[in-house]
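# Geometric and topological summary
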Amino acid sequence: MTQETEASPNRPRKDRSPEPPARVRFAPSPTGYLHLGGLRTALFDWLWARHTGGQFILRVEDTDRRRYVPGSLEDAMQGLKWLGLEWDEGPDIGGPYGPYVQSQRRAIYQEYAEKLIQLGYAYRCYCTPERLEQVREEQRRRGEKPGYDRHCRTLSPEERARLEAEGLPSVVRFAVPLEGSTTFHDLLRGPITVQNRELQDMVLLKSDGLPTYHLAVVVDDHLMKITHVLRGQEWLATAPLHQLIYQAFGWEPPVFVHLPVILDPSGKGKMSKRKKVVDGKEYPTLVRDFIQAGYLPEAMFNYLATLGWSYAAEQEIFTREEAIQRFDLRDINPSPAAMNYEKLEWMNGVYIRELSPQELKERLIPYLSRDLGIDEETLRQDPRLDKLVPLIQERIKRLSEAGQWIDWAFVEAEAITYTDPKLLLGRKLDAAQSLAVLQAGLAILERIEPFEHQAIQDAFRAKAEEMGIKAGSFFGPFRGAITGKKVSPPLFESMEALGREEVVKRVRRAIAFLEEQLQAASEQA
RNA sequence: GCCCCCAUCGUCUAGUGGACCAGGACUCAGGCCUUUCAAGCCUGCAACAGGGGUUCGAAUCCCCUUGGGGGCACCA
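Residues numbered from 1 in each chain as written. Chains lettered and ligands numbered in written order. Predicted model: local features only at pLDDT ≥ 70, side-chain atom pairs only at ≥ 80, totals over all residues. Heavy atoms only, no water.

## A closer look at the protein's contact with RNA strand B
This is how the line gets drawn: We define proximity as follows: a residue is near a molecule or strand when any one of its heavy atoms falls within 4 Å of that partner. Here a polar contact is taken to be a pair of N or O atoms separated by no more than 3.5 Å, where protein atoms must pair a possible hydrogen donor with a possible acceptor and residues adjacent in sequence count only if both atoms sit in side chains. Helical segments are the DSSP runs of H or I of at least four residues, strand segments are the runs of E of at least two, and each set is numbered from the N terminus.
Of all residues adjacent to RNA strand B, which total 68 residues, the nearest are Lys 206, Glu 314, Glu 394, Arg 395 and Arg 461. Of all atoms in RNA strand B that approach within 4 Å of the protein, 68% are sugar or phosphate atoms. With respect to RNA strand B, the side chain of Ser 29 contributes an N or O atom lying 3.0 Å from a sugar or linking oxygen. At 3.0 Å from a phosphate oxygen of RNA strand B is found a side-chain nitrogen or oxygen belonging to Lys 206. Secondary structure elements with two or more residues in the surface near RNA strand B: helix H4 (129–141), strand S4 (171–174), strand S6 (190–195), strand S13 (337–338), helix H11 (341–354), helix H17 (453–467), helix H18 (471–483) and helix H19 (491–498).

Here's what the structure looks like:
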């Protein structure tokens, strides 16, 4: 047994001092169903929490009431649970820093917004959406960068008092320094500096009293003692603003980790939440659709972890525990990664083959029930399924493919049609020869004891040799007769699973069909 | 348009100045096995975007160009 040495390509990366327990959160907004990018962010969050022995927190960022999609929070929680990402604090289980739903924290944000105003880092703005749009329109026309013109930033106290007395609705905006620059640190990219003049006086508190993301995320991450903020790269541009808000409050910012976006399979463009169509093929992007398509959570876990991170130089397949042990935020690749569905499929196949047949059967049942129209309990009791599952285990890549491999076993003989004229013909055999083969085989099938795959196969091989026909050619007509397909699970095991009665019935039907064909052909001649 | 980020086979990646005429995986091609289809095994194709530096030495450090991505809301 070779010990893993320093020179091994699978050695752990750099020696690093152990990290203190981290507090990380996954903060979905219930504005749509959970998609792959969100799930990967959650996975990295969870991995880091578990690696450091810290906490993984679920927080709901529902501050946009207009875009709320009913059921999306439940969808996100289901998706996380499906992948095995259990959270330590969250809206459903509570925790020491609750509530974990932002819409229930209004008063907190208002208090902190007020504090910023008092400190001079924020101001009330009374501009109407119409005026804002007009300003942007003019800026665009002049070829300038569109943005708020800071009209209300310089209002005199008297003017403010007047507008306030009129009862005008207002928002709270952050007062970005007019000069200088702001530097924040991204764990993967190092220090990033931007000129303050590039920044906007973003809205912190909306006129409906709810905060925007910028205020809510800073306040909550601070109050909830979040140590590492993992989020999509789309937040990189506003990170300087967040840095300024931390500074204004006098708080220590967390470690920022902006994760690279996941690109669609073509490699160009972020994967959208909708199903992606590339080269005429439709790909799932929502977690629920991946579940429907029959991907295993352990395969998805493994695959997703390799999108932007790698376990070891020469090992693609690894367990949850191994991932936890080696995962390090510093090893995340900052460049965007394209989703590779073929590799996911391959990996899913690997995990399917690793399952015990019993386990696979259990996982297959919901899909088979759906696709075959048979209720789950009936399927569970059906002894044929126990024989069939091992036969398809190394043939399916997704659970949803099982139905089309074994549907023939769950229908009446009459439902098997032989409309494809080649279906019942053995390789290099004509109709008459194939008929003779079926008749010879039928005689065996009717009386062979026991009705088991090895015995049947031995008898068939002997008969084929006797008739001077290659075994493969001899078997072909039976495959067609019994399954109605050119491609099927191994023939003799399939026969055994179906049982003598049904097998004989189907072979007889096939013989009758071929006889009819030959009859019609001779009449025509 | 402006700002920011990124850059190794088609794709995911290993690689942190010499052990690299660049390793693994998916895909693809060929072969073996074989009752179809798979699975498995073997072999092969295939990359450091380009140009300048720094250095005895650069995939690795710096600059420019090019390409790709992200962002520019009272959305997150």
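## Here we look at empty space enclosed by the protein
Keep this limit in mind: In this analysis a 1.4 Å probe is tested at points of a 1 Å grid over the protein atoms alone, and where it fits but cannot get out there is a cavity; an open set with protein on both sides within 12 Å along at least five of seven lines is a pocket; lining residues have an atom within 4 Å of a point. Grid points are joined across faces, edges and corners, and a volume is the space filled by probe spheres set on the points. Only Asp, Glu, Lys and Arg are considered charged, only Ala, Val, Leu, Ile, Met, Phe, Trp, Tyr, Cys and Pro nonpolar, and every remaining residue, Gly among them, polar.
Within this structure, the stated rule accounts for 1 cavity of 30 Å³ or more. There is about 30 Å³ of room inside the largest cavity. For the largest cavity, the full set of lining residues is Val 217, Val 218, Asp 221, Val 229, Arg 231, His 242, Tyr 246, Pro 254 and Phe 256. Broken down by secondary-structure element, the contributors of at least two residues to the lining of the largest cavity are helix H6 (213–223), strand S8 (228–232) and helix H7 (239–249). By residue number, the principal contributor to the lining of the largest cavity is H6, which donates 3 residues. Across the lining of the largest cavity, the residue classes tally to 6 nonpolar, 1 polar and 2 charged.

## A word on the sheet that holds strand S7 (residues 203–205)
Selection rule: We treat two strands as partners when DSSP finds at least two bridges between them. Only the stretch in contact is used when fitting a helix axis, every axis being a line fitted to C-alpha atoms; angles between N-to-C directions are given from 0 to 180 degrees.
Spatially, the 3 strands line up as an open sheet ordered S3-S4-S7, and their pairing is antiparallel. Sheet topology places strand S3 (122–125) and S7 at the edges, where each strand pairs with a single neighbour. Taken over all neighbouring pairs, the strand axes of this sheet differ in orientation by 45° on average, direction set aside. Taken together, the 4 bridges between S3 and S4 define a ladder with antiparallel strand orientation. Note on S4: the bridge partner recorded for Cys 125 is Val 171.

## A closer look at the packing of aromatic side chains
To keep it simple, the criterion reads: To pair, rings of Phe, Tyr and Trp, with the six-membered ring standing in for Trp, must have centres within 6.5 Å; the planes then decide the type, stacked if under 30 degrees apart, edge-to-face if over 60, and tilted in the middle. Using a 1.4 Å probe on the protein chains alone, a residue whose accessible area is under 20% of its type maximum counts as buried, one over 50% counts as exposed, and one in between counts as partly exposed. The criterion is that NZ of a Lys, or CZ of an Arg, lies within 6 Å of the ring centre and within 35 degrees of the ring normal, and then a charge sits over that ring.
Here the structure, examined in full by the defined rule, presents 24 aromatic pairs. Centroid distance Phe 44 to Phe 327: 5.3 Å. Interplanar angle 45°. Geometry classified as tilted. Separated by 283 residues along the polypeptide, Phe 44 in helix H1 (residues 36–52) and Phe 327 in the loop between helix H10 (320–326) and S13 bring together distant segments of the chain. Here Phe 44 and Phe 327 have matching classes, each one buried. Here a set of aromatic residues connected by ring pairs shows up, and it is made of Phe 44, Trp 48, Trp 309, Tyr 311, Phe 318 and Phe 327. The cationic tip of Arg 288 hangs over the ring face of Tyr 33; the distance from NZ or CZ to the ring centre is 3.7 Å. Note that Arg 326 overlies the ring of Tyr 311, its terminal NZ or CZ placed 4.4 Å from the centroid.

## With respect to the domain arrangement of chain A
Much of the literature gives interface size as the accessible area that the parts lose upon coming together. Filter applied, for reference: How far each domain reaches was decided by an automatic or database domain assignment. Between two residues, a contact is recorded if the distance between any of their heavy atoms is within 4.5 Å. Buried area adds together the accessible area that both of two parts lose upon being put together, with accessible area traced by a 1.4 Å probe. By definition, a salt bridge exists where a carboxyl oxygen of Asp or Glu is found within 4 Å of a side-chain nitrogen of Lys or Arg.
When the domains of chain A are assigned, the result is domain 1 (355–410) and domain 2 (413–524). Summarising the inter-unit geometry, the C-alpha centres of domain 1 and domain 2 are found 24 Å apart. In this complex, domain 1 contributes 11 residues to the contact, which on the side of domain 2 involves 14 residues. Where domain 1 abuts domain 2, roughly 1000 Å² becomes buried across the two surfaces, and 71% of that area is made up of carbon and sulfur atoms. Viewed at the interface, domain 2 and domain 1 are joined by 2 salt bridges. When the shortest N-O distance is used, the salt bridge between Glu 496 and Lys 387 registers 2.9 Å. Counting across the interface, domain 1 meets domain 2 through 4 residue pairs in polar contact (both at pLDDT 80 or more). Per element, the largest residue contribution to the side of domain 1 that touches domain 2 is 5 residues, and it comes from helix H14 (residues 383–392). Looking at the side of domain 1 that touches domain 2 residue by residue, the class counts come to 6 nonpolar, 1 polar and 4 charged.

## Examining helix H20 (residues 500–524)
This is how it is decided: Helix span, as expected, comes to 1.5 Å for every residue beyond the first.
Between its first and last C-alpha atoms H20 spans 36 Å; for 25 residues at 1.5 Å apiece the expected length is 36 Å, and the two agree. Within H20 the residues assigned to the buried category are Glu 502, Val 503, Val 504, Arg 506, Val 507, Ala 510, Ile 511 and Leu 514. On its buried side, H20 packs onto helix H16 (431–447), H18 and H19.

## Observations regarding the pairing of S6
Pairing between strand S5 (residues 181–186) and S6: 6 bridges, direction antiparallel. In the sheet register, Ser 181 faces S6, and the bridge partner there is Gln 195.

## With respect to the environment of Asn 333
Of note, Asn 333 is situated in the loop between H10 and S13. Separated by 24 residues in the primary sequence, Asn 333 and Trp 309 have C-alpha atoms spaced 6.1 Å apart. The contact partners of Asn 333, leaving out residues within four places of it in the chain, are Pro 260 and Gly 308. Side chain to side chain, Asn 333 and Ser 335 meet in a polar contact 2.9 Å long.

## As for helix H12 (residues 357–372)
How we decide: A residue's bend is simply the angle between two axes: one fitted to the seven residues ending at it, one to the seven starting at it.
Its 16 residues give H12 an end-to-end C-alpha distance of only 20 Å, which falls more than 12% under 22 Å, the value for a rise of 1.5 Å per residue. If you look at H12, its biggest bend is around 40°, right at Ile 365, and the proline Pro 366 turns up within four residues after that. Along H12, the residues that are buried comprise Leu 360, Lys 361, Leu 364, Ile 365, Tyr 367, Leu 368 and Ser 369. Here the buried face of H12 lies against helix H8 (287–292), H11, helix H13 (376–381), H14 and helix H15 (402–406).

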